[in-house]
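This is what each chain is made of:
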Amino acid sequence: MRIGVIGYGYWGPNIVRNFHSQENSEVVLVADRNPKCEGRLKKVYPSIGFTTDENEVLTSPNIDVVAVVTPVWTHFELAKKALENGKHVFVEKPFTYSVAQGEELIELADRKSLKIMVDHTFLFTGAVKKIKELVDRKELGDLYYYDALRVNLGLFQHDVNVIWDLAPHDLSIMDYVIAAKPEAVVATGERHLNGVEDVAFITVYFPKHIIAHVNVNWLSPVKVRTTLIGGEKKMLVWNDLEVDEKLRIYDKGVSMSTNPSNLHQLLVSYRSGDMWAPQVENIEALRAETAYFLKCIEENTRPINDGEAGLRVVRILEAADKSIRTRGEAINL
Ligand SMILES: NC(=O)c1ccc[n+]([C@@H]2O[C@H](COP(=O)([O-])OP(=O)(O)OC[C@H]3O[C@@H](n4cnc5c(N)ncnc54)[C@H](O)[C@@H]3O)[C@@H](O)[C@H]2O)c1
């Protein structure tokens, strides 16, 4: 599989490295409008071609897959042109800048029997794979809530707010783990420095009383990457900054019943059992993800992080932006 990569800024080199090091693929051409990127690329990969004209990648007959690693507002045009030229597309998160754009790309890819993979990198981490396994086998019982905190100081983006920058990670993980269709979104946030929201809180309502919350913030003095998932049977804490025990499962919970001799009296019992930290696979997520994309193309299967998965995240992002403008009106999905 011959890969062309568009965008060699901060994230592009990771995509180049991972596609280039797979056994069954090689990166043949990298495009970036910034000519300074050529030196950085050639120093590591002298054999990979470089161009400042992305159209060379998009139209080259020697390229099977185009990876779009540019800012979100460029994803649609680049991915559309790649699909029109018969290329499979690996596109960065967030998939597109609007639901309408995402729907158009999915329709185009389906019509041309091409694959789209959206880089929801976290789905391929050992921690998220383990969480998904635990939730699917009902280790936590029925879910009550999903609560994610992703805060640090910067990096300020000028073209998107903190929601479009940081929340796609948590929303894609939430979408994968909860696997139910969300019903409504409420979001609040504020702008302090450069005209886009730098602090934001998103609440997502699901059926069966499941509620999710994502707190994203570029103005935090400390970096925190912690997610709590509460279930009827057990509760889980995922601290992605921990080296050894990223996941901890707590056998804690609450049950309530009424006192048989006094039906107005509630009997509350708290359960506080063991805590354990399951083994989490230590893999480079992007390496597993790029290998999986090549396999999906080869075997003609649909990736778990396909265009539809990307679109589900964009739908929440778009609703969150709308809700923020009214200081928290609930937007039905
Ligand atoms: N999956 C992840 O964990 C992860 C991490 C970081 C960034 N990203 C995503 O990667 C994308 C790029 O982010 P970044 O931080 O690398 O941005 P960046 O600004 O550092 O790099 C983007 C590069 O794209 C180039 N570019 C822009 N438009 C172009 C065009 N039309 N043709 C050719 N080159 C063009 C720019 O010159 C720049 O070098 C974003 O969508 C971002 O959300 C994903």
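Here is what the cut-offs are and how they apply
Residues numbered from 1 in each chain as written. Predicted model: local features only at pLDDT ≥ 70, side-chain atom pairs only at ≥ 80, totals over all residues. Heavy atoms only, no water. Pairing = 2+ DSSP bridges. Helix = DSSP H or I, 4+ residues; strand = E, 2+ residues; numbered from the N terminus. Patch = residues over 30% accessible without salt bridge, like charges linked within 9 Å, V, L, I, M, F, W, Y side chains within 5 Å. Areas by Shrake-Rupley, 256 points an atom, 1.4 Å probe, with all protein chains shown as cover. Salt bridge = Lys/Arg side-chain N within 4 Å of Asp/Glu carboxyl O. Buried < 20%, exposed > 50% of the residue type's maximum accessible area, 1.4 Å probe, protein only. Polar contact = N/O pair within 3.5 Å; in protein donor to acceptor, adjacent residues only side chain to side chain. Contact = heavy atoms within 4.5 Å. Axes fitted to C-alpha atoms, helices over the stretch in contact; angles between N-to-C directions. Parallel < 35°, antiparallel > 145°, perpendicular 65-115°, else oblique. Nonpolar A, V, L, I, M, F, W, Y, C, P; charged D, E, K, R; others polar. Near = heavy atom within 4 Å. Core = buried A, V, L, I, M, F, W, Y, C linked by side-chain atoms within 4.5 Å. Expected span 1.5 Å × (residues − 1).

1. Remarks on the pairing of strand E8 (residues 184-191)
So, point 1. When E8 meets strand E9 (residues 197-205), the two strands line up antiparallel, connected through eight bridges. By the bridge assignment for E9, Ala-184 is matched with Tyr-205.
So, point 2. Counting the residues that bridge the hairpin from E8 to E9 gives five residues, and of these Gly-195 lies at a positive phi of roughly 85°.
So, point 3. Examined bridge by bridge, E8 and strand E15 (residues 331-332) share two bridges and lie antiparallel to one another.

2. Concerning a nonpolar patch on the surface
So, point 1. A cluster of nonpolar side chains, Val-254, Met-256, Leu-266, Val-268 and Tyr-270, forms an exposed patch at the surface whose accessible area comes to about 530 Å².
So, point 2. Elements represented by at least two residues in the nonpolar patch include exactly strand E13 (247-259) and strand E14 (262-276).
So, point 3. Sorting elements by how many residues they give to the nonpolar patch places E14 first, with three residues.
So, point 4. With respect to the helices and strands, Tyr-270 occurs in strand E14.

3. Description of the side chain of Glu-197
So, point 1. Relative to the helices and strands, Glu-197 resides in strand E9.
So, point 2. Glu-197 gets classed as buried once you look at its relative accessible area, which sits at 8%.
So, point 3. Of note is the side chain of Glu-197, whose polar atom sits 3.1 Å from the side chain of Arg-191.
So, point 4. Excluding residues within four positions of it along the chain, Glu-197 makes contact with Asn-161, Val-162, Gly-189, Glu-190, Arg-191, Trp-218 and Ile-324.

4. Concerning the packing of helix H5 (residues 99-111) against helix H9 (residues 307-325)
So, point 1. Taken N-terminus to C-terminus, the directions of H5 and H9 make an angle of 170°; their axes are 9 Å apart at the nearest point. Taken together, the axes of H5 and H9 are roughly antiparallel relative to one another. The segment H5 lies against H9, with Val-99, Gly-102, Glu-103 and Ile-106 engaging Gly-307, Glu-308, Leu-311, Val-314, Arg-315 and Glu-318.
So, point 2. Split by residue class, the contact of H5 with H9 holds four nonpolar, two polar and four charged.

5. Points about the site of the ligand
So, point 1. Neighbouring the ligand are 18 residues; Tyr-10, Trp-11, Asp-32, Lys-93 and Thr-121 lie closest to it.
So, point 2. Between the ligand and Glu-92, the relevant distance is 3.3 Å, taken from a nitrogen atom to a side-chain nitrogen or oxygen of the residue.
So, point 3. Interatomic distance of 3.2 Å between a side-chain N/O atom of Asp-119 and a nitrogen atom of the ligand.
So, point 4. For the ligand, whose free accessible area comes to 850 Å², the fraction covered by protein is 78%.

6. What to know about the sheet that holds E8
So, point 1. The strand order E14-E13-E12-E11-E7-E10-E9-E8-E15 describes an open sheet built from nine strands, whose pairing is mixed. Each edge of the open sheet carries a strand with a single partner, namely E14 and E15.
So, point 2. Set on the sheet, helix H6 (residues 126-136) makes contact with strand E7 (143-153), strand E11 (219-231), strand E12 (235-239) and E13; between it and E12 the angle comes to about 175°.
So, point 3. Packed on one face of the sheet, H9 meets E8, E9 and E15 and runs near 60° to E8.

7. Things to note about the pattern of salt bridges
So, point 1. Going through the model one piece at a time under the given rule, you end up with 23 salt bridges.
So, point 2. Here Arg-191 and Glu-197 are joined by a salt bridge, their closest N and O atoms 3.1 Å apart.
So, point 3. With a closest N to O distance of 3.1 Å, Arg-248 and Glu-245 form a salt bridge.
So, point 4. Ionic contacts of the salt-bridge type, sharing partners, join the residues Lys-130, Glu-133, Arg-137, Glu-139 and Lys-234 into one network.

8. Looking at the nonpolar core
Generally speaking, a soluble globular protein has its nonpolar side chains buried in company with each other.
So, point 1. Counting 77 residues, the largest nonpolar core has Ile-163, Leu-171, Met-174, Ile-202, Leu-236 and Trp-238 as the members making the most contacts within it.
So, point 2. Ranked by residue count, the leading element in this core is helix H7 (residues 162-178), at 11 residues.
So, point 3. If we skip the residues at most four places from it in the chain, Leu-236 touches Ile-131, Leu-134, Leu-140, Thr-227, Leu-228, Ile-229, Leu-247, Arg-248 and Ile-249.
So, point 4. Core analysis: the second largest hydrophobic core is formed by 22 residues, Val-16, Val-30, Leu-41 and Leu-294 among them.

9. Remarks on H5
So, point 1. Its 13 residues give H5 an end-to-end C-alpha distance of 18 Å, which sits within 8% of 18 Å, the value for a rise of 1.5 Å per residue.
So, point 2. When H5 is considered as a whole, its buried residues turn out to be Val-99, Gly-102, Leu-105, Ile-106, Leu-108 and Ala-109.
So, point 3. In this structure, the buried side of H5 is in contact with helix H4 (72-84), strand E6 (116-119) and H9.
So, point 4. Of the residues flanking the end of H5, it is Ser-113, one or two places downstream, whose phi is positive at about 55°.

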